[in-house]
Amino acid sequence: MPSKPQISIEDCERAAQALLRDEGVERWPVKVDRIAKRRGIKIQYSPLDEELSGMVFYKDNVAVIGVNSKHHVRRQRFTIAHELGHLQLHDDVLRKGMHVDKVITMLNRDSKSAAGTVNIEIEANQFAAEFLMPRKFVMQYMDENDLDYGTVADEQAIEDMANAFNVSSTAMTYRVAKIL
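Each value, and the rule that gives it
Residue positions are given per chain, counted from 1 along the sequence in the order it is written. Thresholds applied to this predicted model are a pLDDT of at least 70 for local features of residues and 80 or more for the giving and counting of side-chain atom pairs; totals over whole chains, interfaces and linings are not thresholded and use all residues. To obtain the side-chain values, all non-hydrogen atoms of the structure were included, while hydrogens and water were left out. Strands here are runs of E lasting at least two residues and helices are runs of H or I lasting at least four, both read from the DSSP assignment and numbered beginning at the N terminus. Each residue gets one of three labels from its accessible area relative to the maximum for its type: buried under 20%, exposed over 50%, partly exposed in between, using a 1.4 Å probe on protein chains only. Any two residues whose heavy atoms approach within 4.5 Å are treated as being in contact. Lining residues are those with an atom within 4 Å of a point, where the points come from a 1 Å grid over the protein atoms alone and group into cavities, where a 1.4 Å probe fits but cannot get out, or pockets, open sets with protein on both sides within 12 Å along at least five of seven lines. Grid points are joined across faces, edges and corners, and a volume is the space filled by probe spheres set on the points. Charged residues are taken to be Asp, Glu, Lys and Arg, nonpolar residues to be Ala, Val, Leu, Ile, Met, Phe, Trp, Tyr, Cys and Pro, and polar residues to be all remaining types, Gly included. The rule for pairing is simple: two strands pair if DSSP sees at least two bridges between them. Every axis corresponds to a line fitted to the C-alpha atoms, with the helix fit spanning only the stretch in contact, and the corresponding angles, defined between N-to-C directions, vary from 0 to 180 degrees. Oblique is the label for any angle not covered by the other classes, which are roughly parallel (under 35 degrees), roughly antiparallel (over 145) and roughly perpendicular (65 to 115). In this scheme, a helix's expected span is set at 1.5 Å multiplied by one less than its residue total. The hand of a helix crossing depends on one turn: near helix anticlockwise from the far one by less than a right angle means left-handed, and clockwise means right-handed.

Caption draft 1: Up close: the environment of Gln-44. Topologically, Gln-44 is positioned in strand E1 (residues 42–46). When its relative accessible area of 34% is taken as the criterion, Gln-44 is described as partly exposed. When the C-alpha positions of Gln-44 and Gly-54 are compared, they lie 9.6 Å apart, and in sequence the two are 10 residues distant. Discounting chain neighbours no more than four positions away, the residues touching Gln-44 are Val-64, Ile-65, Gly-66 and Val-67.

Pasting the structure below:
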């Protein structure tokens, strides 16, 4: 049975919304790498083992996000957002040591997180989803493009939304289903 997250989904989403607000983000796609850099976070792209998407750690009191350069740019964006989530939500844990993440495929990261039992991973994924695909922006996009639930069930509509937000179709499908 899945354990209950330590931080509520709503609090994870509020943390993402606060960061977007602090950064003055008013439109999609969210420039996640620029935001991280403006916040003094160093991003390093390196070829890593295929199942390793990213990591976050502190070096000389500077946050560093490591990203797998072999992964698709959309996965890299989610990795950065996910690691930002860790920095926003779990800074106390990170300051104790390096945090390494396996492949990120929205709430299906490895056997433990796929079971919904790794709280900090669930929380960072919730943060990343709201950060890259804010509920407000998704609804605005749907309004501007005259889409409704039936329309977004269409594969092409999801692909168009994914392209607009610069995320994977899988991520957008999951996000729309969660919002609607």
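Here the narrative resumes.
Caption draft 2: Spatial organisation of the layout of surface pockets. The calculated volume of the second largest pocket comes to roughly 170 Å³. For the lining of the second largest pocket, the elements supplying multiple residues, two or more each, are helix H1 (9–22) and helix H7 (135–144). For the lining of the second largest pocket, a count of residues per class yields 4 nonpolar, 1 polar and 5 charged.

Caption draft 3: Representation of the pairing of strand E2 (residues 52–59) within the structure. The buried fraction of E2 amounts to 6 of the 8 residues, a majority that puts the element mostly inside the structure. Summarising the sheet, E2 and strand E3 (residues 62–68) pair through 6 bridges and their orientation is antiparallel. Across the sheet, the residue bridging to Lys-59 is Val-62, located in E3.

Caption draft 4: Inspection of the packing of helix H9 (residues 155–165) against helix H10 (residues 169–179) at higher detail. The N-to-C vectors of H9 and H10 enclose an angle of 105°; their axes lie 8 Å apart at closest approach. Considering the angle they form, H9 stands roughly perpendicular to H10. Across the interface between the two elements, Ile-158, Glu-159, Met-161, Ala-162 and Phe-165 of H9 pack against Ser-169, Met-172, Thr-173 and Val-176 of H10.

Caption draft 5: Here's a closer look at the side chain of Glu-13. If you trace the backbone, Glu-13 turns up in helix H1. Apart from residues lying up to four places away in sequence, Glu-13 is in contact with Gln-126, Glu-130, Arg-135 and Arg-175.

Caption draft 6: The arrangement of helix H3 (residues 73–89) in detail. The end-to-end C-alpha distance of H3, which contains 17 residues, comes to 24 Å, matching closely the 24 Å that a straight helix rising 1.5 Å per residue would cover. Of all 17 residues in H3, 14 are buried; the element is thus mostly enclosed.

Caption draft 7: Expanded view of the packing of H3 against helix H6 (residues 119–132). Look at H3 against H6: their axes get within 8 Å of each other, and the N-to-C directions meet at 120°. The hand of the H3/H6 crossing is right-handed. Along the contact surface, H3 presents Arg-77, Phe-78, Ala-81, His-82, Leu-84, Gly-85, His-86, Gln-88 and Leu-89, while H6 presents Ile-120, Glu-121, Glu-123, Ala-124, Asn-125, Phe-127, Ala-128, Ala-129, Phe-131 and Leu-132.

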